[in-house]
Amino acid sequence: MKNTIVKDTIAITLITLIAGLALGGVQGITAEPIAYQNQLAKDEAYKAVFADADTFETIVETEDPEIEAYLDENGYPSQTIDEVVQAKDASGSPIGYAFTVTTSEGYGGDIQFAMGVKDDNTLNGISILAIGETAGLGMKADTDEFKGQFADKNVEKFEYTKNGATDDSQIDALSGATITTNAMVNGVNAGLCAFTYENEKGGN
């Protein structure tokens with residue numbers, strides 16, 4: 001009886017070990033292609049929101065505690081700046097910044113998008129990287145009609161309205177998806193806040 005238990009225990013341990021090694025091997029094999037595809041998607045999104053840029057130089061590769069503290073101080077605790085790149089023209093001169101932003105306030109969870117801001121504070125536009133909102137409602141945030149409202153605007157911050165936008169700082173809310181609209185507006189405002197931070201830091 002004892003021998004059977006020992007044999008079974010050894011067999012289970014070996015199976016678990018082999019399975020763990022196999023999973024680790026698969027993860028190791030797939031991690032690099034996944035990372036490559038994610039970066040490719042970001043690069044395409046940056047080009048979409050900063051068509052005037054010839055190259056992009058990475059300034060911040062991962063979440064920066066100083067930027068996050070600055071966002072918290074300015075009222076954006078639910079937003080994260082995942083990456084900051086400086087956009088440069090063909091001569092290598094800086095012409096603005098592009099950001100990868102994640103907002104956790106979406107109805108369906110995190111929403112991640114890229115946005116480009118020129119040196120004169122003009123927002124070129126946004127390009128959504130990941131979204132899981134309700135079909136026919138919150139998913140309309142990924143339509144040109146909604147995203148286009150942010151393009152070519154030079155404002156300090158945006159707000160959404162249900163009564164029809166009357167100036168550049170107002171965004172028409174998505175019908176039946178106020179939570180998603182709020183998440184996007186706060187996310188974009190956090191990106192503008194990060195732009196201010198980068199400018200202030202650059203001026204020191």
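Structure's up top.
One structure accompanies this document, and this report is about it. If you're wondering where the values come from, they're calculated on a predicted model, not measured in any experiment. (Residues numbered from 1 in each chain as written. Predicted model: local features only at pLDDT ≥ 70, side-chain atom pairs only at ≥ 80, totals over all residues. Heavy atoms only, no water.)

## With respect to the packing of aromatic side chains
In this description, an aromatic ring pair is defined by two values, namely the gap between the centres and the angle between the planes. Heads up, the rule is: Centres within 6.5 Å are what make two rings of Phe, Tyr or Trp a pair, Trp counting through its six-membered ring; a difference in plane orientation under 30 degrees is then read as stacked, over 60 as edge-to-face, and the rest as tilted. Buried means the residue's accessible area, taken with a 1.4 Å probe over protein chains only, is under 20% of the maximum for its type, while exposed means over 50%, and partly exposed covers the values in between.
Summed over all chains, the structure comprises six aromatic pairs. Judged by centre distance (5.7 Å) and plane angle (75 degrees), the ring pair of Phe146 and Phe150 falls under edge-to-face. Here the two residues Phe146 and Phe150 agree in accessibility, since each one is buried. Considering the side-chain rings of Phe150 and Phe158, the 5.1 Å spacing of their centres and the 75 degrees angle between planes classify their relative orientation as edge-to-face. Pair check on accessibility: Phe150 and Phe158 agree, each one buried. Here the aromatic cluster, defined as three or more aromatic residues joined through ring pairs, consists of Tyr97, Phe99 and Phe195.

## Here's the deal with the pattern of salt bridges
Filter applied, for reference: Think of a salt bridge as a Lys or Arg side-chain nitrogen and an Asp or Glu carboxyl oxygen that are within 4 Å of each other. Strands are runs of DSSP state E lasting at least two residues, helices are runs of H or I lasting at least four, and both sets are numbered from the N terminus onward.
Tallying each qualifying case throughout the model produces four salt bridges. Salt-bridge contacts for Lys88 lead to Glu57; the nearest nitrogen and oxygen are separated by 2.4 Å. In this pair, Lys88 sits in strand β2 (residues 79-88) while Glu57 sits in strand β1 (residues 55-60), placing the two residues 31 residues apart along the sequence. Put simply, Asp142 and Lys147 hold a salt bridge, and the shortest N to O gap is 3.1 Å.

## Describing the sheet that holds β2
Note on sheets: strands pair through backbone hydrogen bonds, and any given pair is parallel or antiparallel. The cut-off we apply is this: Any two strands are treated as partners once DSSP identifies two or more bridges connecting them. For every element, the axis is a line fit to its C-alpha atoms; helices are fit only across the contacting stretch, and the angle between N-to-C directions ranges from 0 to 180 degrees. Contacts are assigned to residue pairs that have any heavy atoms within 4.5 Å of one another.
A sheet is described by the order of its strands in space; here five strands give the open sequence β1-β2-β3-β4-β5, paired in antiparallel fashion. The two strands at the open ends of the sheet, each matched to only one other strand, are β1 and β5 (123-130). This sheet shows a mean twist of 25 degrees between the axes of neighbouring strands, independent of strand direction. Pairing geometry for β1 and β2, over five bridges, is antiparallel. Counted as the bridge partner of Thr55 is Lys88 from β2. The strands that helix α2 (residues 65-73) touches are β1 and β2; relative to β2, the one it contacts most, it runs at about 115 degrees.

## Some thoughts on α2
Going by this rule: Starting at the helix axis, one direction is taken to each C-beta atom, and the arc is that of these directions. A 3.5 Å cut-off defines polar contacts: any pair of N or O atoms within that distance qualifies, except that in protein one atom must be a possible hydrogen donor and the other a possible acceptor, and neighbouring residues in sequence count only when both atoms are side-chain atoms.
Listing the buried residues of α2 in full gives Ile67, Glu68, Tyr70 and Leu71. Take α2 and look down its axis: the buried residues cluster within an arc of 160 degrees, on one side only. Across from the buried face of α2, at angles greater than 90 degrees, the exposed residues are Pro65, Glu66 and Glu73. Two or three places before Glu66, at the start of α2, stands the capping residue Asp64, its side-chain oxygen 2.8 Å from that residue's backbone nitrogen. Taken from the residues just after α2, Gly75 is the one with a positive phi, measuring 90 degrees.

## A short note on the nonpolar core
Operational definition: Only buried Ala, Val, Leu, Ile, Met, Phe, Trp, Tyr and Cys residues count toward a nonpolar core, and they belong to the same one when joined by side-chain atoms within 4.5 Å.
Of all hydrophobic cores here, the largest spans 35 residues; its most connected members are Phe99, Met115, Phe150 and Phe158. Within the residue set of this core, elements represented by two or more residues are α2, β2, β3 (94-106), β4 (109-118), β5 and α4 (178-202). The element that contributes the greatest number of residues to this core is α4, accounting for 10 residues. Those residues in contact with Phe158 that lie beyond four places of it in its chain are Leu123, Phe150, Lys153, Asp168, Ser169, Ile171, Val185, Val188, Asn189 and Leu192.

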